[in-house]
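# Architecture at a glance
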Amino acid sequence: AKSLGRNNFQIYEVSTEQAQQQNLALKSRLRHAEHNGELRVFYQPQVDAISEDIVGMEALVRWEHPELGFIGPGFFIPLAEETGLIVSIGEWVLRTACRQAQAWEQQFGLRLRLGVNLSAVQLMQSNLLEIVSGVLDETGLDANLLEMEVTESISIKAAPNLIENLQGLRRLGCRIAIDDFGTGAASLDYLRKLPADRIKIDQSFVRNIGVDPDDEAIVRTTIEMAHRLKRGVVAEGVEIEQHLRFLQANHCDELQGYLFCRPLPPPSFEKLLFERQRL
Ligand code: C2E
Ligand code: CA
Ligand code: CA
Ligand code: CA
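First things first, this report covers the structure right here in the doc. (Residues numbered from 1 in each chain as written. Chains lettered and ligands numbered in written order. Predicted model: local features only at pLDDT ≥ 70, side-chain atom pairs only at ≥ 80, totals over all residues. Heavy atoms only, no water.)

### So, the side chain of Glu147
In this fold, Glu147 is placed in strand S5 (residues 146-151). Relative accessible area serves as the criterion here: at 1%, Glu147 is assigned to the buried category. Leave out the neighbours within four places in its chain, and Glu147 touches Arg113, Leu114, Gly115, Val116, Arg175, Ile176, Ala177 and Arg198. (Helix = DSSP H or I, 4+ residues; strand = E, 2+ residues; numbered from the N terminus. Buried < 20%, exposed > 50% of the residue type's maximum accessible area, 1.4 Å probe, protein only. Contact = heavy atoms within 4.5 Å.)

If you want it as structure tokens, here you go:
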């Protein structure tokens, strides 16, 4: 048993080392992903909770690796943050998504809100506002259609420029959404200190609707609190009818999740808008 344990330990060590080497290889490959045209932006609709009309969309980045296929952002965004590549990738996502939203507005005459995720690294940049206003000028997108999603895992204290940047984004006319609400260590502090227009209830709570009465109570209370503070609420990870009915009954404003649609590449999203428009 002893030697087996030892053996297991070695196997574990080898595989960690391999994983580290793979990450290193991916990091250096990621350096060229933008230039090589391997990054894609997918769009997931956000619907009005009552009418179920599409009222917005979230831009979600993907990396199409030539050998490994699609790599999700949950895996490569942390690598991009470690290497600082997130600054240029984030700017690329913002520009690509704003250009796309502007094109769809012209093509379909729909004023859809565009949600773009900002990493903590971007939010600490002293030139964030110049980048965002540059992209808005260049693409012609209305600033009030752009909603920056800020994840709650960023520590307000440890992030210089965070509050100044968010206030500046609002002065430009952009909206701010607190992403993954309820999962950070200081959700209420966030709500109190950050100039946010909306909160996005994290999918870990939504998933437990119909399963865990405590999580249901948290969802209900979060919606009520947001409304008392004059903030809008979006629920993410809406997967089944039961989630939909609960969120409607508790006056959530907007919904996002697989029940309505997965994140789609632009041609498929366009098809969806076209079909909706003809209804
Ligand atoms: P997020 O901002 O919380 O985005 C929502 C994630 O939930 C997306 O995963 C989306 O595909 C997924 N999702 C949507 N509906 C459902 C559902 O009904 N059920 C389940 N189980 N999942 C659903 P994705 O695209 O893999 O992105 C993961 C995370 O990566 C995002 O979480 C966000 O934190 C980050 N991310 C994505 N794009 C960007 C980006 O351009 N910049 C930065 N900084 N982060 C990004
Ligand atoms: Ca998000
Ligand atoms: Ca989220
Ligand atoms: Ca998340």
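From this point, things continue past the structure.
### Focus on the coordination of the calcium ion (ligand 2)
Taken together, Glu58 (OE), Asn117 (OD1), Glu149 (OE) and Asp179 (OD) make up the protein donors of the calcium ion (ligand 2), found 2.2 to 2.3 Å from the metal. Read in sequence order, the donor residues coordinating the calcium ion (ligand 2) give the pattern E-x58-N-x31-E-x29-D. Metal-to-metal, the separation of the calcium ion (ligand 2) and the calcium ion (ligand 3) is 4.0 Å; Asp179 coordinates the two. Taken as a pair, Glu58 in strand S2 (residues 54-65) and Asn117 in strand S4 (residues 113-118) lie far apart in primary sequence, 59 residues in all. A relative accessible area of 30% means that Asn117 is categorised as partly exposed. (Donors = N, O, S within 2.8 Å, 3.2 Å for Na, K, Ca; no water.)

### As for the site of ligand 1
Among the 22 residues in the neighbourhood of ligand 1, the closest are listed as Gln44, Arg62, Gln203, Glu239 and Tyr258. Measuring from an oxygen atom of ligand 1, one finds a side-chain N or O atom of Asn117 at 3.1 Å. Out of a free accessible area of 800 Å², ligand 1 has 81% covered by protein chains. Put simply, the parts of the chain that give the shell around ligand 1 at least two residues each are S2, helix H2 (73-83), helix H3 (86-108) and strand S6 (175-181). Take the shell around ligand 1: its biggest share by element is 4 residues, from S2. Within the shell around ligand 1, the residues separate by chemical class into 9 nonpolar, 7 polar and 6 charged. (Near = heavy atom within 4 Å. Polar contact = N/O pair within 3.5 Å; in protein donor to acceptor, adjacent residues only side chain to side chain. Areas by Shrake-Rupley, 256 points an atom, 1.4 Å probe, with all protein chains shown as cover. Nonpolar A, V, L, I, M, F, W, Y, C, P; charged D, E, K, R; others polar.)

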